[in-house]
Every structure is written in structure tokens, then in C-alpha cells.
Protein chains: 2
Amino acid sequence: MASQTSAKTHTMRALMALRQRITKGELPGGTRLFEVAMAEDLQISRTPVREAMSRLAEEGLLERAPSGGFMVRSFAYADVLDTLELRGVLEGTVARLAAERGTSDAKLREITEIVRRLDGVFGDEPTEVDFEAYSDLNSQFHDALAALPGSLTFERELARVKSLPFASPSAFLPNESRLSAFRRSLAIGQEQHRELVAAIAGREGARAEALAREHALAARRNLEYIFSTEHSEVTTVPGLELVAPAEK
Amino acid sequence: MASQTSAKTHTMRALMALRQRITKGELPGGTRLFEVAMAEDLQISRTPVREAMSRLAEEGLLERAPSGGFMVRSFAYADVLDTLELRGVLEGTVARLAAERGTSDAKLREITEIVRRLDGVFGDEPTEVDFEAYSDLNSQFHDALAALPGSLTFERELARVKSLPFASPSAFLPNESRLSAFRRSLAIGQEQHRELVAAIAGREGARAEALAREHALAARRNLEYIFSTEHSEVTTVPGLELVAPAEK
DNA sequence: CTGCGGCTCAATGTATACATTTTCAGCGTT
DNA sequence: AACGCTGAAAATGTATACATTGAGCCGCAG
């Protein structure tokens, strides 16, 4: 079959199919999702559809309708800003906690190694940047940061927030086409990574918190740029298509 | 029937029954919950049981087992501390946002009115405090605070955190029996309420954030007191019985 | 004794029929 | 025209039978 996304259970296939349709913006915010229709569409029964919707509600992409059933959660421009703010606040907190409570040498070495490898993606030529490697290592950095204070509570909350497609740490990285123009942004981000790790290692809690917040703010600047100047670029940012267009 | 908790659907009854058992500590953290057993126990079919478990996973009281099914989430002492820290950070953020972005006069008047009514629970005699009214108005204050910046994103996150029984703003309020000893604590809390509203109205973002964090810290102090000195009091704090006892 | 293989049972995954609730169009009344 | 009633269609809630998976047990062979 063509669109066989391949997964073990029907629930998983329904989950992935639905998530993709939502993040691609095919289902506008507020759309009521009907189990029967979805089940027929996916050629499965209502049971796994229901299960998939329930998991998407946990992820925050759907919300339960008061009278039962689910509807697509609508994200306005302001909601995206707030979600990025939220990520900044949470990352700031884990940075502060790691500095205040201390962290294991192993974890500190791990995140330092990630920063070192991020240095490697910048080639000698100004235009040489391994974009894919940067994106991947950047995600690793943010995951390692979340794990630094050893608090499952915060690690879990951050994972939840980052699971929203536009709140992923790599969501607003410049795409390959305009990469040279953004090389400087990446370099600044990398500098912030370095200082953040230094602040944590030096037990400077307030500085670590401020740096992590500022670092997350870069995403907001890119978002504002895209929406104000290069609105056509919206489609190049993963998951930004589900943002309600009218409300700007 | 005796334990008819009264709710419209079987799902809701199962939800409430399960939630109660978990928060009362009858099901230790890590306990695997089997659909069949639970269904037989509640005299209903597997379907509403499954639905109820799914909702409890959203609430954060259950987690999905890797191989399918659910288990009771285990909360160690450190997890409770972190959750209170999380509430403080989030309340600090909504306070700062309300100060930075401003808020509507109506909302400001509403929260001011709640503070005014909180003043009323302190009688003329030192021992006169209407505990129940304080607890109720205190919850209202924290709900109003969460709504101040008009950010559904943050309001939602805070509601999620506060739904954990031990993270509710009123969870660690002194119980009636030792109320006179804690009258001063309540008065200090009320003073913080007042200053917090003043900081927000005066657009002092940093001060508002710091005050809200400090205010949430009172819960941590009470938690530490209970676990270190008055461990027998654990049963008097709603939802504290589900905290794993061994790990202190 | 130890390790491997398959058997068995229990648990979750799935489909489906039926029950209940919600919704809303249609219609009558005021 | 606005309101509310009503009944039928559609959607979710529920029970249950069956399918599939996976973990543990048992016995056999080395």
C-alpha cells in the first residue's frame, strides 16, 4: 500500500497519520474529529482511532470537547510565542537547578562533548556549515541540558513542551537555502551553548538561568522575522503550518 | 449501592474511583494496573476503564508502560519538591508576564477583590481564622493569578500542575487543629498576595516574578517541616499519602 | 547443571454490535 | 421574528468476542 507508514499496531499508524495531518495544517484548529469518519478513512475500527486521539490529547495537539470527542487544538501566533517563552522558562530553570544543586561529572562531560562536536560543524569557509549535523547536535544539547539537574519532573515537562513541533529546539534553525545569511546566528547560538555550560559548571545559577532564557529567545526572534518579513517562509519551518493564519 | 460516587458515565466513575485510590496511596508507585482486574473490581467493562486510565495519564497520575498498559506513577520526596518548584516558576512567570504585558482592569479588580476578602477571614481574636474560607479564597487567588496575563498556554500548564493533589495551592495550608500556631504563616502569605498584586499593577515584572516564586516556596517549607518533624501529620495533607515513604 | 526452544496463559489490541447522549433541523407557538 | 419543543440522525459510551503479542514456565538436549 502506498501510504503504509509502517508501525506495529493500528493505533500507532493512526497516531502518526493524524499527527502528520494536524502538524501539516490540513486540519484547522477547532476542527472536530469524528471517530467514525477517521476510522473509515484509515480503514480501521473506532477503537484504535480513539486510542490514538487520546494520546494526541496528551501531546497537546488535540483537546477533549466538553461533550465528548476531540477537536484540533488551535494555535494562534500568540500561543506560539507563549510556548517558546515557556520552553525558555523551563530551560532556564533546569540550568539554574543544575548550577545550584550540582550535576554529575559524567553529565557535564557529555554536554561539553556535544558543544565540542558542535564546533566541528563550522567549516573553514564562511559558507561551510553542516546544517543537518548542527540541527541534530543542537537537539542533543537541549536534551542533555534538560537531564542535567537529574529531575525527572522537569525533564518530563520539557519533553512535553518540545514535542510540539514548533517548540522543538531545532524548529527555527535557518533552512539550508539561506544558510550563509544565518551562519552568524548559528555561531551566536553556539557561543551561548558554551557560556551556558560554563555558568552551570561554575555554579552560577542566576547567570545560567538568564543565559538559557536568552538562548530560547532566539527562536522568538526568528518567528517574528518570518511572520513579519518572510511570511512565505512559513512552510519551511516544521509544524508552523498549523498556526492559525488569520490571527497573525 | 454503597460506593456510588455518582457520575454520569462509567468512565467518570472509574476515573474518580481510580484517582481516589491513587491519591490515598492504596496503589503504591510502580503498580501495574490491569484492565481486566480493574474492570471486574468496578463491575464495568474494559472500555471505560481504559478510557479512565488514559485520562489519568494526561493528569500525570499514571504513566504508560513501554509494553502497553499503565502503571501508577511514583512520586518520591524529591519529585514533590520539584513539582512545587515548578509551580513556583510557572506562577512567577505569569506574574511577570502580567506585569510586562499588562492586564485588563477587570481582572485586576477581580484579584484585588479576592485579596480584600482574604483579609476578612482574620477575626479580631488571634485564634479566629475561618480556615475553610481562607483555603477556598486562596485557591481562587491562584486561579485568578494564572489568568492575569491572558495566556491560555500558561493557564493550561498551571492547571495541569495544580491538578496533582500535593501541588494544589491549598495543599499545605495548616489544618484546623494547629491553626493558631500557623496564624502568622497565613498572615505572611496574605501579605505576599497583596505585594504581588501591587507589583503587577505597578508593572514591576522582576519583582512580581520573585514574589510569586517566594510565595510558592512556603509550601516547600511546610513540606520539609512535616517530613522532618511531624511525619505523623502526613495523612492530614491531601494527596501526600501517595509519596513513596521509604525514600524520605 | 545450563541453555535453548517452544508451549501456554495472560494481557493488551481490535472489531463490532448495541446503548445512550448530543445535536440540530423542523415546526409550532407566542 | 424569536423562542422552545420534539424527534430523528449522528456521534460517543459501553460491552464483549476474538486476535495478537509477549513473558514466563517447563522440559529436553547438550
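The notes below deal with the structure included here. As the structure is a prediction and not an experimental result, all values here were calculated from the model. (Residues numbered from 1 in each chain as written. Chains lettered and ligands numbered in written order. Predicted model: local features only at pLDDT ≥ 70, side-chain atom pairs only at ≥ 80, totals over all residues. Heavy atoms only, no water.)

Comments concerning the side chain of Ser151(A)
To keep things clear, this is the line we draw: Every helix listed is a DSSP run of H or I at least four residues long, and every strand listed is a run of E at least two residues long, numbered separately from the N terminus. Polar contacts here mean pairs of N or O atoms no more than 3.5 Å apart (in protein, one a potential hydrogen donor and the other a potential acceptor; neighbouring residues in sequence count only if both atoms are side-chain atoms).
By the element assignment, Ser151(A) lies in the loop between helix H6 (131-147) and helix H7 (152-162). For Ser151(A), the side chain forms a polar contact with the side chain of Asp82(B), separated by 2.7 Å.

A look at the relation of the copies chain B and chain A
Cut-off, in case you're wondering: The copies were overlaid by least squares, fitting only the C-alpha atoms of residues that reach a pLDDT of 70 or more in each copy. Any two residues whose heavy atoms approach within 4.5 Å at even a single point are treated as in contact.
The operation relating chain B to chain A is a screw motion whose rotation component is 180°, with 0.0 Å of axial translation and a residual RMSD of 0.1 Å. The superposition operator between the copies reduces to a two-fold rotation axis. If distances are taken from each C-alpha of chain B to the rotation axis, the shortest is found for Glu58(B), at 2.6 Å. Interface overlap between copies: 100% of the residues of chain B at the interface are likewise at the interface in chain A, consistent with a symmetric, same-surface contact.

Focus on the packing of aromatic side chains
All names here are of chain B. Put simply, the test is: In summary, the pairing rule links any two rings of Phe, Tyr or Trp, Trp by its six-membered ring, whose centres are within 6.5 Å, and it sorts them by plane angle into stacked for under 30 degrees, edge-to-face for over 60 and tilted for everything else. The rule is simple: take the accessible area with a 1.4 Å probe, protein chains only, and divide by the maximum for that residue type; under 20% is buried, over 50% is exposed, in between is partly exposed.
Tallied over the entire structure, the rule returns 6 aromatic pairs over all chains. Taken together, a centroid distance of 5.1 Å and an interplanar angle of 70° make the contact between Phe-75 and Phe-166 edge-to-face. A residue pair is termed long-range when its members are at least 10 positions apart, and Phe-75 in the loop between strand E3 (70-72) and helix H4 (77-101) and Phe-166 in the loop between helix H7 (152-163) and helix H8 (179-201) qualify at 91 residues. Like Phe-166, Phe-75 is buried. Between the aromatic rings of Phe-122 and Tyr-134, the centroid separation amounts to 6.1 Å while the plane-to-plane angle is 80°, which identifies the pairing as edge-to-face. Of this pair, Phe-122 sits in the loop between helix H5 (105-119) and helix H6 (131-147) while Tyr-134 sits in helix H6; the two residues are 12 residues apart in sequence, bridging distant segments of the chain. Side by side, Phe-122 and Tyr-134 carry an identical accessibility label, which is buried.

Describing the sheet that holds strand E2 (residues 62-64) of chain A
Within a sheet, each strand pairs with its neighbour through backbone hydrogen bonds, oriented either parallel or antiparallel. Our working rule: Here, strands pair whenever DSSP counts at least two bridges between them.
With antiparallel pairing, 3 strands are arranged side by side in an open sheet as E1-E3-E2 (chain A). Strands with a single pairing partner mark the edges of an open sheet, and in this sheet they are strand E1 (32-33) and E2 of chain A.

Some thoughts on the layout of surface pockets
Stated formally: Grid spacing is 1 Å over the protein atoms alone, the probe is 1.4 Å, and a cavity is where that probe fits but cannot get out, while a pocket is an open set with protein on both sides within 12 Å along at least five of seven lines and lining residues have an atom within 4 Å of a point. Grid points are joined across faces, edges and corners, and a volume is the space filled by probe spheres set on the points. By the convention adopted, Pro, Cys, Tyr, Trp, Phe, Met, Ile, Leu, Val and Ala count as nonpolar, Lys, Arg, Asp and Glu as charged, and the other residues, Gly among them, as polar.
Here the largest pocket is characterised by a volume of approximately 950 Å³. Here the residues of the lining of the largest pocket are counted per class, giving 11 nonpolar, 5 polar and 19 charged.

Some details on the protein's contact with DNA strand C
In plain terms, the rule: The criterion for a residue being near a molecule or strand is simple. One of its heavy atoms has to lie within 4 Å of it.
As a structural note, the neighbourhood of DNA strand C is formed by 15 residues, with His10(A), Thr11(A), Ser45(A), Thr47(A) and Arg50(B) the closest of them. Put simply, 64% of the atoms of DNA strand C that lie within 4 Å of the protein are in sugar or phosphate. His10(A) is positioned with one of its backbone polar atoms (N or O) 2.4 Å from a phosphate oxygen of DNA strand C. Mapped onto the surface near DNA strand C, the elements with two or more residues apiece are helix H1 (10-23) and helix H3 (46-59) of chain A together with strand E1 (32-33) and helix H3 (46-59) of chain B.

The quantities given are spatial measurements derived from coordinates; they are silent on function.
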